[in-house]
Amino acid sequence: MSALPNYTSDVDAIIAHEMAKARQRRAKLSAAPKEPGINENVNPPTTLDAPRSFQVARLPHELLLHIFRETVPPIYQHDPSVTQGPRNPWLTALRTRKALVLTCKTFFGPATEVLYEDIVIRRMGQIPALARTLGPSPSSSARDVGTLVRRLRLDGCVVWAPCADVVREDLRLILQRCTQLRWFSFHPHPQFPFANEPLDDGSRDGFNPTWLLQPDPDRDSVGGLLRERLDTSLRVLDLALELDERLLMRLQWFLAAAPTLSVLKLGKVVPQQYSDELMSHPMLCLPSLRDLTIHVDHIPFQQYLCERWEMPQLRLLTATGCEEFPETLLRTHGSRLTYFHMHHGVTFAWELPRLASLADIGALCPLLEHLVIPTWIRDPLTINAPSLRFVDVWGHHPPPEIWKQGWYQLDKSSALPKLRLVRILTTMPRQQWESLVSLDWPLICHPTAVRGDAQRVYVFPGVRAVQTSWGVLHDYQDHDVSWSYPDGHGERRDNSGWYEGGDEEDTDTDDETDLDQPSFTIEEELNMLLGDGGHHPVEQLSRDAVLDMFHDSQGREFLFDDD
């Protein structure tokens, strides 16, 4: 034992030395001249003495705001629909934002901004609750919460007939108070009809309201206020509605007052012949529109867009439901396009002659850089485009070694001096794959985001996608793993970030997978919404009654939001 070093004496010596240095520092501080108003009995805090909360409080508001925004998942990652059930990952992210607000006074300001930036209304009880929070006018003693709202999304929000008057009035107040609104989307519930008013006989218990798209010169009406937001602040308008002639005329009235609108997404088109009234409307000019998503499976609708719409700044065009190459549409609006996505309609794999017009796409779209097309029967395809850099192809994905040998080939006569990459965008070998494919995949998984052998994992509602340098693939966890992973390994981190190999353990669990599955069916939801479905005269409820129902429903599945 005596041969062992005396560690205890060494430690004692170090402590004694440090204490002596501390006494010297204290003596110097005591001898220093005191500033007026300083309590001499209070020692000035040092960095080590300061509590952790004091350090957080010193962070600027802008930095905290940036940190808190990083906790919010990308908008494409989760489906907020009520059909996803109470274990929806979107609800988990929402609870995180709520928790940040309640953490401390330092977090309250920036966390409140993040909480109210994106509001999703899934059930009508949220509308009077949000209206009560915003208040009829800005408070002089508190921050105006209405100015914090940047995105307002109505997702499957069905209005129950007895609450129609209260919901409409409170929705009007919300649009009036959200003066800085940048994004508005309306995705109706597919199982309910559209209506402006409930029927007197009670035969329409629940309905998708058409108040939002009701032209009304009264600036205080719901439609008038939406038009005012289009005129002043709105940048993104997403309407997943079936467009018939009547709705197109209404839409034109709204869009005529949209000088700053930059993104427009429209739903399917009802196949019908258009009257002279629609085709004789004044020209609609959208001077700031850069991104347009439309269905082009109806020729009269394409003619209407070509003859009555002007989009001088259009850069990105997504045309879905294509059964043929939309040459007329591109001849009118393609001169400034840098991105064109032609998504297939009923026919998944096209015969080569249907893509013959791609030989002239360079003349129609001389600035085109990124082209997305349907799969074709595997003969060499001719594409002539002087500025084209990337070509994406929708198709069933083959094993990587076959793809790298040339699954889709371009004809040698193609004039593509700037072409860098041809990728495949894979579909799923399942019956429901169509509902899981996002039309935004080519832009979210941009070709420049991955280089070499790197891979990147993206989470979309109901499915994960893996981006490689040669494609965007479904992450087949229950299928042939060798097709999912080019290196033949099945280990991957699901963190929506970079991944360089297959040596790390998979952190996913069955419970996490189950989070993306609905906890109840559409039929069960309808039963919750409509009760016994009996018809009875509509008797309107008061605002207090609607709010009481919303409060009572917080702990259970019901018509109103439970979180």
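These figures come from a predicted structure and were not determined experimentally.

Asker: Could you give me a rundown of the sheet that holds strand β5 (residues 194–195), with the residues and numbers involved?
Answerer: Taken in spatial order, the three strands of this open sheet run β3-β6-β5, and their pairing is mixed. The sheet is open, and its two borders are formed by β3 (159–160) and β5, each paired with just one other strand. Where β5 lies against strand β6 (residues 206–209), two bridges are found, and the strand directions are parallel. Bridged to Ala195 within β6 is Pro209.

Asker: Before we move on, could you go through the pattern of salt bridges and cite the residues and values that matter?
Answerer: Side-chain pairs of opposite charge can arise whenever the charged atoms involved come near each other. Counted according to the given criterion, the structure contains 14 salt bridges. Residue Arg172 pairs with Glu169 through a salt bridge whose shortest N-O separation is 2.8 Å. Of this pair, Arg172 and Glu169 both sit in helix α7 (residues 164–177), three residues apart, roughly one helical turn. We classify Arg172 as buried; its relative accessible area is 16%. Residues joined in a network through salt bridges with shared partners are Asp118, Arg151 and Arg153.

Asker: Account for the side chain of Arg308, naming residues and giving values.
Answerer: With respect to the secondary-structure elements, Arg308 resides in helix α11 (residues 299–308). Despite its burial, Arg308 remains without a salt bridge, the nearest opposite charge being carried by Glu307 at 5.4 Å. A distance of 3.3 Å separates a polar side-chain atom of Arg308 from the backbone oxygen of Met279. When residues no more than four places from it in sequence are discounted, the contact partners of Arg308 are Leu278, Met279, Ser280, His281, Pro282, Met283 and Leu284.

Asker: Tell me about the nonpolar core, residues and numbers included.
Answerer: Phe184, Trp309, Phe340 and Ile361 are the most contacted members of the largest nonpolar core, which totals 110 residues. The greatest single-element share of this core, amounting to seven residues, is contributed by α7. A domain split of this core shows at least three residues from each of domain 1 (122–136 + 143–196 + 203–309) and domain 2 (315–442). If you look at the next biggest cluster of nonpolar residues, it comprises twelve residues, including Val372, Trp441, Cys445 and Ala449.

Cut-offs used in this document
Residues numbered from 1 in each chain as written. Predicted model: local features only at pLDDT ≥ 70, side-chain atom pairs only at ≥ 80, totals over all residues. Heavy atoms only, no water. Pairing = 2+ DSSP bridges. Helix = DSSP H or I, 4+ residues; strand = E, 2+ residues; numbered from the N terminus. Salt bridge = Lys/Arg side-chain N within 4 Å of Asp/Glu carboxyl O. Buried < 20%, exposed > 50% of the residue type's maximum accessible area, 1.4 Å probe, protein only. Lys, Arg positive; Asp, Glu negative; His and termini not counted. Polar contact = N/O pair within 3.5 Å; in protein donor to acceptor, adjacent residues only side chain to side chain. Contact = heavy atoms within 4.5 Å. Core = buried A, V, L, I, M, F, W, Y, C linked by side-chain atoms within 4.5 Å. Domains from an automatic or database assignment.

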